[in-house]
Amino acid sequence: MKRFNVLNSLVFKLHKNSHENIFSITKLFSSASQPLTEMEADQVTKQQLLDSINSSQWHFIKQVSPKLTPSLVSSTLFSLQKTPDLVLQFIAHIESHCLDARTRCLAIGIVSHLPSQKPALQLFKRAINDGLATNIEFFDALAISRDELGVKSSIVFDFLIRAYCELRKGDDALKCFDMMKKKGISPKVETCNEMLSLFLKLNRTDTAWVLYAEMFRLRIKSSVITYNIMINVLCKEGKLKKAKEFMGFMDSLGVKPNIATYNTIIQGYCSRGRFEAAHGVLSTMKDRGVPPDSYTYASFVSGLSKEARLEEASMMLGKMKEIGLVPDARTYNILIDGYCNKGDLDLAFSFRDEMVEKGIFPTASTYNVLIHALLMECKMSEADHLLKEMEEKGIAPDVITYNILINGYCRGGNAKKAFDIYDEMVVKGIQPSQKTYTPLLYVLCKRNRMKGADNFFEKIQGKGVYPDLIMFNALIDGHCAIGNMERAFALLKEMDIKKVTPDEVTYNTLMQGRCREGKVEEARELLEEMKNRGIKPDHISYNTLISGYSRRGDMKDAFNVRDEMLNIGFNPTLLTYNALIKGLCKNQEGDLAEELLKEMVSNGIKPDDSTYISLIEGMQTVDNCSLSSDL
């Protein structure tokens, strides 16, 4: 090591009998194996750093790291520009304060010469996430470092754009693209493809087209991947005819469509139920010598399953197997989900068994679909058994699994089991989502545990979960059910504060609460408030008022609401007639009630038990009155 060479030279300069110099030698030798003092660390030089880096003394680098400055690090990096692998290790062993934006850009400029692109991209992503600089500042620092290193290639700018793309920061990537143009540098087509792909994922198709046009202006030659992305953009926009024409356009330019090109268009047609057109594209690709793959058939299976054409979807799976293609777990999951939605669990499980026989392992999605279907049919023990099987096979339940279980047990009214599952997922470190909390809050409200529901609502917000309309509606319904209208209206105000727009369910619930109190006029005011907010009342809104007036015996007002309901195009429902008949019978207007019964039947509405009970009770009241008058 260099330090010992220095010490050897010192020895020859020492006087033989000098005790002071002997003490100095001892001190120097001992310091070689002991940590540096604060003063020694302050005096670390570039040469010491270089010696330590070249001899892989990373413990020394870590030790002095707190005292290093960006200036010293930059100077060291310049000396290491021919050894990018050592630069990568060096910056991995020093603290982030040693690396300002310019130093990091210098390091990235050197590391970009490595055969793998991943290290440079990772360094950029880390720098961006650390918030060291804006996109403009990074670009400028990169331009300076590039000039200082004498690099001619534009690769470092491409890496910056690609890093922003991987972090889904499309606007930052676009800004860097514009700055490259101003410097007269064109990004590589691969970089442009990454930007186009990002804007496609972000559903910013207009931006994708602007960028694509700019590529043409800059004469950046499109690759087959570029064309495939733009065909995907057209499919996403629903412009399937243009997508097919675009495929012809790329063919005319000498770029042959590949399997991904055809699959993109087939998937576009299948997702919109245009299976005949999809089969046409399938024939074309076969004629051109491009054999379909598993994804091709999976698109048909998915589209047909979505349209509930499960027999045809199963046939496509059969054709796929006939030509020697092996369906993947996703294809089987689509069919399993389709048959679960149809309620045919036997066939759904048979597909699960088939995939296992073929050596295709079920995924968490497979189990999630089957567990959900079992819970919807209230087959709780079977769902529990499947969950155990899932864990035995080493497939960890995810947040979707737990949400399905919690929702299923909440629907079944088993609040304890639902909260036990919630506790389990938290213990396992699985972050609950809004879909986790909503059914838990709902089941508390349905069981009239409103104090617990309010506390849970506060707890949810404390975890940073923003309450949605369903949560507010559940709470308002629960408080209305127990007659706590003050709290219900306080929640309505809270919705306005949090900018959660109420809907007809919110107002119908409040109207029902007022009607239970006998305050039908206030319920009527809520109907008007609802209209003023631009919320359209529905059957339930009017039936609530009709029921409220009828219960009070105010039949004139009840029929006025019925007429208002008819005038805006709502036909009376069974609930409407039952409320009116009950009110008429209560007022001993049996003849009118019988006429209403005839009208009800002539309108094709079949009376139910409630209708007949109201009529019988009405007749008993009339008979009792007649008997009293005779006496």
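The name recorded for the protein chain in an unreviewed UniProt entry is Pentatricopeptide repeat-containing protein, from Tripterygium wilfordii. Here the protein chain is described in UniProt, under the heading Sequence similarities (unreviewed entry), as follows: "Belongs to the PPR family. P subfamily."

> So what's going on with the overall build of the protein chain? Residues and values would help.
If you tally the helices and strands in the protein chain, you get 37 helices and zero strands. Over its C-alpha trace the protein chain gives a radius of gyration of 37 Å, far above what one expects of a compact globule, namely 25 Å for 631 residues. Along the three orthogonal principal directions, the C-alpha set of the protein chain runs to about 145 × 75 × 55 Å. For the protein chain, the residues scored as buried account for 46% of the 631 residues in total. Contacts in the protein chain between residues far apart in sequence, at least 24 positions, make up 61% of those at least 6 positions apart.

> An account of the environment of Ala 308 is requested, with residue identities and associated values reported.
Relative to the assigned elements, Ala 308 resides in the loop between α19 (294-306) and α20 (310-322). The sequence separation of Ala 308 and Asn 341 amounts to 33 residues, and the corresponding C-alpha distance is 8.9 Å.

> Lay out unusual backbone geometry in plain terms, naming residues and giving numbers.
Residues other than glycine seldom take positive phi values, yet Ser 56 does so here, at roughly 60°. Along the chain, the position of Ser 56 falls in the loop between α4 (46-54) and α5 (58-64). Unlike most non-glycine residues, Gln 588 shows phi in positive territory, near 60°. Along the chain, the position of Gln 588 falls in the loop between α35 (574-586) and α36 (590-602).

> Got a sec to walk through the pattern of salt bridges? Specific residues and values, please.
Scanning all chains against the criterion turns up 33 salt bridges. A salt bridge links Arg 288 to Asp 251; its shortest N-O distance comes to 2.9 Å. Taken as a pair, Arg 288 in the loop between α18 (275-287) and α19 and Asp 251 in helix α16 (residues 240-252) lie far apart in primary sequence, 37 residues in all. The partner of Arg 562 in a salt bridge is Glu 599, and the shortest N-O contact between them spans 3.8 Å. Note that Arg 562 is positioned in helix α34 (residues 555-567) and Glu 599 in helix α36, a separation of 37 residues in sequence. We classify Arg 562 as buried; its relative accessible area is 12%. According to the relative accessible area criterion, Glu 599 is partly exposed, its value standing at 31%.

> Run through a nonpolar patch on the surface, naming residues and quoting values.
Taken together, the side chains of Phe 216, Phe 249 and Leu 253 define a hydrophobic patch exposed on the protein surface, amounting to about 280 Å² of accessible area. When you line up the elements, Phe 216 lands in helix α14 (residues 205-217).

> So, the packing of aromatic side chains: which residues are in play, and what are the values?
Two aromatic rings, taken as a pair, are described by how far apart their centres are and by the angle between their planes. For the coordinates displayed, the defined rule picks out 16 aromatic pairs. Geometrically, the ring pair formed by Tyr 422 and Phe 456 is edge-to-face, given 6.1 Å between the ring centres and 85° between the ring planes. With Tyr 422 in helix α26 (residues 415-427) and Phe 456 in helix α28 (residues 450-462), the pair connects residues that are 34 residues apart, well separated along the chain. What makes Tyr 422 buried here is its relative accessible area of 3%. Ring pairing ties together the aromatic residues Trp 209, Tyr 212, Phe 216, Tyr 227, Phe 246 and Phe 249, which thus form one cluster.

> A description of a positive patch on the surface should follow, citing residues and the corresponding values.
A cluster of basic side chains, namely Arg 516, Arg 551, Lys 582 and Lys 586, defines a positive patch on the protein surface. Checked against the element boundaries, Lys 582 lands in helix α35. In this structure Lys 582 comes out as exposed when scored by relative accessible area, which is 53%.

> Give a detailed account of the packing of helix α11 (residues 155-166) against helix α12 (residues 170-182), specifying residues and quantitative values.
Look at α11 against α12: their axes get within 8 Å of each other, and the N-to-C directions meet at 160°. Taken together, the axes of α11 and α12 lie roughly antiparallel to each other. Crossing hand, α11 versus α12: left-handed. When α11 is examined against α12, the residues Phe 157, Asp 158, Leu 160, Ile 161, Tyr 164 and Cys 165 are found in contact with a partner set consisting of Asp 172, Ala 173, Cys 176, Phe 177 and Met 180. Looking at the contact of α11 with α12 residue by residue, the class counts come to nine nonpolar, no polar and two charged.

> Quick rundown of helix α17 (residues 259-271)? Include the residues and the values.
A rise of 1.5 Å per residue sets the reference length of α17, with its 13 residues, at 18 Å; its end C-alpha atoms lie 18 Å apart and thus fit the reference within 8%. Of all the positions in α17, only Thr 261, Tyr 262, Asn 263, Thr 264, Ile 265, Ile 266, Gly 268, Tyr 269 and Cys 270 are classed as buried. Packed against the buried residues of α17 are α15 (224-236), α16, α18 and α19. Its side-chain oxygen at 3.1 Å from the backbone nitrogen of Ala 260, Asn 258 defines the N-terminal cap of α17.

> I'd love a proper account of the side chain of Ser 112, names of residues and values included.
With respect to the element layout, Ser 112 can be found in the loop between α8 (101-111) and α9 (118-129). A polar atom in the side chain of Ser 112 sits 2.7 Å from the backbone oxygen of Gly 109.

> An account of the confidence of the model for the protein chain is needed here, citing residue identities and associated values.
Parts of the prediction with low pLDDT should not have their coordinates interpreted in detail. For the protein chain, mean pLDDT is 87; residues scoring 70 or higher make up 91% of the total. No element of the protein chain has a lower mean pLDDT than helix α2 (residues 19-31), which averages 38, and none a higher one than helix α13 (residues 189-201), which averages 96. Low pLDDT (under 50) marks residues 1-41, which in the prediction has 22 contacts with non-local residues, meaning those over four places away or in another chain. Across residues 622-631, where pLDDT falls below 50, the model places one contact with residues more than four positions away in sequence or in other chains.

> Can you tell me about the packing of helix α29 (residues 469-481) against helix α30 (residues 485-497), naming the residues and giving the values?
Contact pair α29 / α30: the axes reach a minimum separation of 8 Å and the direction vectors enclose 165°. In terms of axis orientation, α29 runs roughly antiparallel to α30. Relative to α30, α29 is oriented so that their crossing is left-handed. Along the contact surface, α29 presents Leu 469, Phe 472, Leu 475, Ile 476, His 479 and Cys 480, while α30 presents Met 485, Arg 487, Ala 488, Leu 491, Leu 492, Glu 494 and Met 495.

> Mind laying out the side chain of Thr 331, listing which residues take part and the relevant values?
Structurally, the position occupied by Thr 331 is in helix α21 (residues 329-342). Relative accessible area serves as the criterion here: at 0%, Thr 331 is assigned to the buried category. Ignoring any residue separated from it by four or fewer positions in sequence, one finds Thr 331 in contact with Ala 298, Val 301 and Leu 317.

> Which residues make up the environment of Lys 125, and what are the values?
With respect to the helices and strands, the residue Lys 125 is situated in helix α9. For Lys 125, a relative accessible area of 18% corresponds to the buried category. Along the sequence, Lys 125 and Phe 159 sit 34 residues apart, while their C-alpha atoms lie 9.7 Å from each other. Those residues in contact with Lys 125 that sit more than four places away from it in its chain are Ala 163, Glu 166 and Leu 167.

Analysis parameters
Residues numbered from 1 in each chain as written. Predicted model: local features only at pLDDT ≥ 70, side-chain atom pairs only at ≥ 80, totals over all residues. Heavy atoms only, no water. UniProt positions renumbered as here; feature names shortened; annotations may be inferred. Helix = DSSP H or I, 4+ residues; strand = E, 2+ residues; numbered from the N terminus. Rg over C-alpha atoms; globule rule 2.2 N^0.38 Å. Buried < 20%, exposed > 50% of the residue type's maximum accessible area, 1.4 Å probe, protein only. Contact = heavy atoms within 4.5 Å. Salt bridge = Lys/Arg side-chain N within 4 Å of Asp/Glu carboxyl O. Patch = residues over 30% accessible without salt bridge, like charges linked within 9 Å, V, L, I, M, F, W, Y side chains within 5 Å. Areas by Shrake-Rupley, 256 points an atom, 1.4 Å probe, with all protein chains shown as cover. Phe/Tyr/Trp six-rings, centres within 6.5 Å; stacked < 30°, edge-to-face > 60°. Lys, Arg positive; Asp, Glu negative; His and termini not counted. Charge placed at Lys NZ, Arg CZ, Asp CG, Glu CD. Axes fitted to C-alpha atoms, helices over the stretch in contact; angles between N-to-C directions. Parallel < 35°, antiparallel > 145°, perpendicular 65-115°, else oblique. Left-handed = near helix turned anticlockwise from the far one by under 90°. Nonpolar A, V, L, I, M, F, W, Y, C, P; charged D, E, K, R; others polar. Expected span 1.5 Å × (residues − 1). Polar contact = N/O pair within 3.5 Å; in protein donor to acceptor, adjacent residues only side chain to side chain. pLDDT = per-residue confidence, 0-100.

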